[in-house]
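An overview of the molecular structure
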Amino acid sequence: MIAHLPILQVILPLMAAPLCLMLKRPQLVWVFALIASGLAFVVSVLLLQQVMTTGVISYELGGWQAPWGIEYRIDKLNAFLLLIISGISTIVLVAAQTSIEKEIPKDKHVYFYVLYLLSLTGMLGIVATGDAFNVFVFLEVSSLSAYALIAMGQKRQALWASYQYLIMGTIGATFILIGIGLMYQMTGTLNMYDLSQRLPEVAQTRTVFAAFAFVVVGVCLKLAMFPLHLWLPNAYTYAPSIVTAFFAATATKVAVYLLIRFTFSVFGVSFSFTTIPLETLFMALGLVGIFVASTSAIFQSNVKRLFAFSSIAQIGYMIVGFSLTTVTGLTATLLHLFNHALMKGAIFLALAAVIYRVGSVELTNLRGLGRQMPLTMAAIVIGGLSLIGVPLTVGFVSKWYLLIALIEEGLWPVAVLILLGSMLAVVYVWRIVEVAYFKEPLDKNVIVKEAPLSFLIPIWALVIANIYFGIDTRLSVQVAEAAAQSLFGGAL
């Protein structure tokens, strides 16, 4: 069984998805989906332990040797991502049944879990596979289910948000496929390790330059990196709350993984950052993204939309770390992947609880909720402090590493800009605190109850993780550093 862990990681949720249709009863389907996601999480923990102990795991599908057959190749980088995706998925699913009661018609509940598990399968497959064309296949599995999940939102705008994401996502996937096709044309292989060995021989051809451009632009569309972020605010705002919590904590992290995988492992550091001055462009776009998205967040009246813009800003921090092309910079990016998943998972789950009790997350509807829903609002505040980067939270850890990486390179002005960007987060977090704690409820006769335990348990599991990993950084920093060092060592 241990030898088959890489394929089990993907097969478990993939097989569980159609089986949900046979169970029919929504409560049974929820339990079944939760078990499937939980087993995927257990597999990811075992894979990470194995990779950290013994090194890269290569799994050949159907007994066909790579590069002829499809290979799942698990190293420190994707083992870390598998842990994040499956862990967040399982925690979010705990609250799913309660949340969708208010937001999705009962006759669609079974389909929701089917699509959720397919989206999870796609994300895990993207990360686990060592085959470039397989990446595209799993990207489509994840994306198509994501479009349908977003369209399940209560408001009519959910259909427009889904359609907008569909158009942008299809353009991104097409660009990635064209890039993969051009690489295959030049090398005759789709195995990513094999590509990394063969591409240097033809690296100076126009075809490879074009392939690189197509892949990077396609991935950046999926990543919602400024200025290719236009689909994300509507998708996060109008999707069912539980879907927003899942995607905000995982989907963009998978896209960051792809960016790192293709630039560092497939094309190589020297080609990606020396032949093409990618670091200058990404540094500029990352910084502009931080300030534009954070400023936009300040002026939002819908709190889900506010934190959607915040996510674009946080992607900017990851891109700045990525652009430094140093071990410390990449460590900061990988740390922020993990930490941001914890922050946004907690915040959007708490907002799902607010919608369950209040029916809206417009800023005016949060008046006085600090006293009526103290545990839920405290979770949003702690998540917000983590976004700012307050000490003893995970946000402080990743921003600290990013500042160290910038100072090591002598980029003091950029370090100052990062600190200023964090100050903008203070403004939009304070707007929520002010309304929730310092203003009277709109209707004093309406008593709003605290969120049910099915919400509070997963919310506070993530909040406690925000604090725990902000104090005890051994696990997250150790894995992130090991993954960054392996990438600079040329390991795939």
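In this report, we go over the structure that sits alongside the text. Bear in mind that the values here come from a model prediction, so they are computed numbers and not experimental data.

**Topic: the nonpolar core**
Residues Phe112, Met183, Phe307 and Ile418 are the most contacted members of the largest nonpolar core, which totals 194 residues. No other element matches helix H14 (residues 327-358), which puts 20 residues into this core. When near neighbours in sequence (up to four residues on either side) are disregarded, methionine 183 contacts Gly188, Leu195, Leu199, Ala211, Val215, Phe262, Val266 and Phe267.

**As for helix H2 (residues 26-54)**
Compared with an ideal rise of 1.5 Å per residue, which puts 29 residues at 42 Å, H2 spans 42 Å between its outermost C-alpha atoms and is within 8% of the ideal. Those residues of H2 not exposed but buried are Val29, Trp30, Ala33, Ala36, Ser37, Gly38, Ala40, Val43, Ser44, Leu47, Leu48 and Val51. Packed against the buried residues of H2 are helix H1 (5-23), strand E1 (57-60), strand E2 (71-74), helix H3 (76-103), helix H4 (109-128) and helix H20 (474-488). Glycine 55 lies just past H2 and shows a positive phi near 100°.

**Some details on a nonpolar patch on the surface**
Nonpolar side chains collect at one region of the surface, where Trp160, Tyr163, Leu166, Ile167 and Ile171 lie side by side and expose about 460 Å² of accessible area between them. Within the secondary structure, leucine 166 is located in helix H6 (residues 157-187). You can call leucine 166 partly exposed: its relative accessible area is 31%.

**Observations regarding the environment of isoleucine 382**
Considering the arrangement of structural elements, one finds isoleucine 382 in helix H16 (residues 374-388). We classify isoleucine 382 as buried; its relative accessible area is 19%. Taking the C-alpha atoms as reference points, isoleucine 382 and tryptophan 68, separated by 314 residues in sequence, lie 50 Å from one another. The contacts of isoleucine 382, once residues within four sequence positions are left out, are Trp460, Val463 and Ile467.

**Thoughts on the pattern of salt bridges**
Under the criterion given, the structure shown has five salt bridges. A salt bridge links aspartate 75 to arginine 261; the shortest N-O distance between them is 3.0 Å. Residue aspartate 75 is located in the loop between E2 and H3, and its partner arginine 261 is located in helix H10 (residues 241-266); the two are separated by 186 residues in the primary sequence. A relative accessible area of 3% means that aspartate 75 is categorised as buried. Taking relative accessible area as the criterion, arginine 261 reaches 2% and is therefore assigned buried.

The rules behind the values
- Residue numbers restart at each chain and count upward from 1, following the sequence in its written direction.
- It should be noted that, the model being predicted, local features are given only for residues of pLDDT at least 70 and side-chain atom pairs only at 80 or more, the latter also being counted only at that level, while totals for whole chains, interfaces and linings use all residues.
- Hydrogens and water are ignored here; the side-chain numbers use all heavy atoms of the structure.
- Think of a nonpolar core as a cluster: buried Ala, Val, Leu, Ile, Met, Phe, Trp, Tyr and Cys residues, connected wherever their side-chain atoms sit within 4.5 Å.
- For every residue, the accessible area (1.4 Å probe, protein chains only) is compared with the maximum for its type, and the residue is labelled buried under 20%, exposed over 50%, or partly exposed between those bounds.
- The numbering of helices and of strands both runs from the N terminus, where a helix is a DSSP run of H or I of at least 4 residues and a strand a run of E of at least 2.
- Contact between two residues is taken to exist if any of their heavy atoms lie within 4.5 Å; hydrogens are not considered.
- Helix span, expected: 1.5 Å multiplied by one less than the number of residues in the helix.
- Residues enter patches when they are more than 30% accessible in relative terms and free of salt bridges; like-charged ones are connected within 9 Å and nonpolar ones (Val, Leu, Ile, Met, Phe, Trp, Tyr) within 5 Å.
- Values of accessible area rely on a 1.4 Å probe in the Shrake-Rupley scheme; residue burial ignores everything except the protein chains shown.
- Any carboxyl oxygen of Asp or Glu within 4 Å of a side-chain nitrogen of Lys or Arg constitutes a salt bridge here.

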